[in-house]
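Breakdown of the fold
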Amino acid sequence: MTASPPKVNGHARPPALQVLGDWQPVAAETEPVDEQRSPEPEPATVEPTAADVEVARARAWAEAEERRVAAEAAKEERRIKAQAEADAIRVKTEEDARKARLANDRAERKAREDEAASEARIAEHNRRRDEADRARERAAREDAEQQQTETEKAKVVAKSSKRWRRVALGFYALCAAVALPVQMAAFWDPNAKYLLVAPIFIEVIALVALVGAAAAVTDGRPQWHYRLVAWAGALTAATINAVHGLGAFDAATAFGTALASVAGPGMWDLHEHGRIRKRDGVPTRGERKAAEKEAKRIAAEKAAEEKRRAAEKKAADEAAAEAAKQLSEMRQAEFEDVWKHARKLAAALGETTVTEAVWRRAHKDIRGADPGEDAETIRARNAAETRVDAARQKRPVNGSSQQVASQVLGAKQARVYNPPARRGVRAKGDTPKQSQGARRQASIAAKNARSNTN
């Protein structure tokens, strides 16, 4: 332990107090004194008078009546609340039932629509499949018929060509038989009988050249030189027949035999000429006429289509001009200030009319926003959004936040008079008990008062 100094501030230290028992805290609980246990003496009992009894009876009746009225009001309030809750539950049940019924109806309708759409798709698929099958069958049948037709036509053409060739050869032989006597008479010389071979040579030249031309046409080779040699031989024979026939015989014999010399090779060359045009794809006269007629029809349809398009474009332009005129009149009537500014702005920008760009800029200059919006529109939209938010949160529109609610006075309650059962008489326990700290403080104060008194 440390030693304490003998003096403090120039004065001798008083002797230390002797500890006779255990140390106890100052805040230890002490027993209340008698004054605190019974702060007030029991008053003397006073007999109530008739007036007091009557007043107590009236007060009791008023309290009973008030309790009855309060009970009936509470009962009515509970009934109204229960009725409201029942109505809310009924309305909610009906609404849920209605929503469920609508959902079921929508689901059933969607199921029917899906089923109908599926049946329609299946029917469409079957129809397309049947059409494809019929188209394939029709194409196969037409192909078979076309092949059969082409085969029959090829047979007919081959038969006709063969017959034509035989007839042409026979005709050529006949013409040669008619023309050769006059030619042979022209070359007759008793001293040079071998010259009789010359007319036959001339006729054979034309025949060989025509056969070569037919081979060239079939093989796709040039054929014009073969035909030239054939016509040279035929014209040579015809010249001989004409000159000798006029000198030795008459004009009929001369021209007849000359024609025979040309007719045989000429008829054969006509056949080859047709084959050449068919091979080269040259249209016939009928095909050229049909093509010209089709070209005229297409040109007429094109002219009619252009005329129709021009009429539609003219009608569309007129409709657009009318719509623009109506729009201008509406804007001028509804937005007079903006329209005047737009006219000035269009003139300043070099526009002859109020375009959409000019109108947008003018509306923004005057109303401060794009077309369709202004201060009133934005204010109305904000008010509508506020009402919707209030309706969703089930609160009044004009202020319902916690801050506003804290500043609003509550409903004024009616004052209820509730006097004590016994006027002027105190009873034990008629006031709430004091807290433990208050009792402890009162005990300490009573002890101090007794020590000061002693």
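A brief report on the enclosed structure follows. (Residues numbered from 1 in each chain as written. Predicted model: local features only at pLDDT ≥ 70, side-chain atom pairs only at ≥ 80, totals over all residues. Heavy atoms only, no water.)

The number of helices and strands found in the protein is 11 helices and two strands. In the protein, the order of α-helices and β-strands from amino to carboxyl end is β-β-α-α-α-α-α-α-α-α-α-α-α. Considering only contacts in the protein between residues 6 or more positions apart, those separated by 24 or more positions represent 58%. Total accessible area on the protein stands at roughly 36,300 Å², and carbon and sulfur atoms take up 58% of it. (Helix = DSSP H or I, 4+ residues; strand = E, 2+ residues; numbered from the N terminus. Contact = heavy atoms within 4.5 Å. Areas by Shrake-Rupley, 256 points an atom, 1.4 Å probe, with all protein chains shown as cover.)

Looking now at the nonpolar core. In globular proteins that are soluble, nonpolar side chains generally tend to be buried together. Grouped together as the largest cluster of nonpolar side chains are nine residues: Val-338, Trp-339, Ala-342, Leu-345, Ala-346, Val-354, Val-358, Trp-359 and Ala-362. When residues of this core are traced back to their parent elements, those giving at least two are α7 (336-349) and α8 (356-367). Ranked by the residues each element gives to this core, the list is headed by α7, at five residues. Excluding residues that lie within four positions of it along the chain, Leu-345 makes contacts with Val-358, Arg-361, Ala-362 and Asp-365. Grouped together as the second largest cluster of nonpolar side chains are five residues, Ala-168, Ala-209, Leu-210 and Trp-268 included. (Core = buried A, V, L, I, M, F, W, Y, C linked by side-chain atoms within 4.5 Å. Buried < 20%, exposed > 50% of the residue type's maximum accessible area, 1.4 Å probe, protein only.)

This paragraph deals with the packing of aromatic side chains. Centre distance and the angle of the planes are the two values used to describe a pair of aromatic rings. In total, this model carries two aromatic pairs according to the counting rule given. Centroid distance Trp-339 to Trp-359: 6.2 Å. Interplanar angle 50 degrees. Geometry classified as tilted. One end of the pair, Trp-339, is in helix α7; the other, Trp-359, is in helix α8, with 20 residues separating them in the sequence. Given a relative accessible area of 8%, Trp-339 falls into the buried group. Classification of Trp-359 as buried rests on a relative accessible area of 4%. An aromatic cluster of at least three residues, connected via ring pairs, comprises Phe-335, Trp-339 and Trp-359. (Phe/Tyr/Trp six-rings, centres within 6.5 Å; stacked < 30°, edge-to-face > 60°.)

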